[in-house]
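What follows is each chain in one-letter form.
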Amino acid sequence: MSYISDMSKTYDKIVDAAIEIFNNDFSANLDLVAQKAGTSSRTMQRHFKGRDDLIHVCREKMMVHCQGMMQDAYYATNNSVKQLELTLYAVIDCGSKFRFLQKLDKRKSFSELSMNEKQTGMDNIKSRWFGVISELRKKDLINKDLNDAWVYTLFGCIVDGTIEVLESGDVAPNEVKKIAWYSFSKGIGLTIK
């Protein structure tokens, strides 16, 4: 195995360990990340300038992963109700990566989040998602009194709660997504005509 391949594997191990560690305790120190990754602090310093750099890389990796899953869900059908349902399932499947992104973004307001996502490329997926919500409003399929910020926040809360239940094992995995969809669809007043 080549040196470059080993470096790449170490880099990936560090990022994956950081996602897991910071997801459980955002204030955890980098020594815990190095330990979880099976490497030394010095090796981590070769790959990352510091904590902020590592968090930035984690965020980018998770954005690419979740963005790809959401994009696949969106293009799977032309039916806007089904697009919304499949997008919910895709984000649930992102699991801890989504929860980590959500924790990073909780410090921002809805409008700040929108600006940040324009800089990261997530704006295209998010604008499609809001396009689906807008289309459902125009068809009188969801409650028009709920603004975008509320629907977006509710979506995130449903996903977060679903992932938490999945991780706890309190609900059968094959039932969790159905329950999440039921909760979200009723929460936005979705009616299928």
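This text goes with the structure placed above it.
Notes on the structure follow. (Residues numbered from 1 in each chain as written. Predicted model: local features only at pLDDT ≥ 70, side-chain atom pairs only at ≥ 80, totals over all residues. Heavy atoms only, no water.)

**Regarding empty space enclosed by the protein**
A probe as big as a water molecule, rolled over the atoms, marks out the empty space that is left.
Part 1 of the argument: Counted by the stated rule, this structure contains 1 cavity of 30 Å³ or more.
Part 2 of the argument: By volume, the largest cavity is sized at about 70 Å³.
Part 3 of the argument: What lines the largest cavity is M70, Q71, Y74, Q83, L84, T87, I125, R128, W129 and V132.
Part 4 of the argument: The dominant element in the lining of the largest cavity, judged by the number of residues it contributes, is helix α8 (residues 123–138), at 4 residues.
Part 5 of the argument: Classifying every residue of the lining of the largest cavity gives 6 nonpolar, 3 polar and 1 charged. (1 Å grid on protein atoms, 1.4 Å probe; cavity = no way out; pocket = protein on both sides within 12 Å on 5 of 7 lines; lining within 4 Å. Points joined across faces, edges and corners; volume = space filled by probe spheres on them. Helix = DSSP H or I, 4+ residues; strand = E, 2+ residues; numbered from the N terminus. Nonpolar A, V, L, I, M, F, W, Y, C, P; charged D, E, K, R; others polar.)

**So, the pattern of salt bridges**
As a working rule, side chains carrying opposite charge can pair if their charged atoms are close by.
Part 1 of the argument: One pass over the full model with this rule turns up 7 salt bridges.
Part 2 of the argument: For E135, the salt bridge goes to K139, with nearest N and O atoms at 2.9 Å.
Part 3 of the argument: Using a relative accessible area of 30% as the deciding quantity, one classes E135 as partly exposed. (Salt bridge = Lys/Arg side-chain N within 4 Å of Asp/Glu carboxyl O. Buried < 20%, exposed > 50% of the residue type's maximum accessible area, 1.4 Å probe, protein only.)

**Some thoughts on the environment of L101**
Part 1 of the argument: Inspection of the secondary structure assignment puts L101 in helix α6 (residues 96–105).
Part 2 of the argument: For L101, a relative accessible area of 7% gives the class buried.
Part 3 of the argument: When the C-alpha atoms of L101 and E60 are compared, they prove to be 9.4 Å apart, with 41 residues separating the residues in sequence.
Part 4 of the argument: Apart from the residues lying within four places of it in its own chain, the contact partners of L101 are R59, M62, M63 and C66. (Contact = heavy atoms within 4.5 Å.)

**Digging into the packing of aromatic side chains**
Part 1 of the argument: According to the stated counting rule, one finds 9 aromatic pairs in the structure shown.
Part 2 of the argument: Look at Y11 and F48: their rings are 5.0 Å apart centre to centre, the planes differ by 20 degrees, and that puts the pair in the stacked class. With Y11 in helix α1 (residues 3–24) and F48 in the loop between α3 (41–47) and α4 (51–75), this residue pair connects regions lying 37 residues apart in the sequence.
Part 3 of the argument: Residue Y11 is classed as partly exposed on the basis of its relative accessible area of 28%.
Part 4 of the argument: Grouped by ring-pair contacts, the aromatic residues W129, F130, Y152, F155, W181 and F184 constitute a single cluster.
Part 5 of the argument: If you follow R51 out to its NZ or CZ, it ends over the ring of F26, 5.5 Å from the centre. (Phe/Tyr/Trp six-rings, centres within 6.5 Å; stacked < 30°, edge-to-face > 60°. Lys NZ or Arg CZ within 6 Å of the ring centre and 35° of its normal.)

**Side note on the nonpolar core**
Part 1 of the argument: In terms of nonpolar packing, the biggest core is built from 52 residues, with F22, V33, L54, L84, L88, F184 and I188 touching the most fellow members.
Part 2 of the argument: Within the residue set of this core, elements represented by two or more residues are α1, α2 (30–37), α4, α5 (80–94), α6, α8, α9 (148–168) and α10 (173–187).
Part 3 of the argument: Broken down by element, the residue count for this core peaks at 8 residues, all from α4.
Part 4 of the argument: When near neighbours in sequence (up to four residues on either side) are disregarded, I188 contacts L84, I142, N143, L146, V151 and L154. (Core = buried A, V, L, I, M, F, W, Y, C linked by side-chain atoms within 4.5 Å.)

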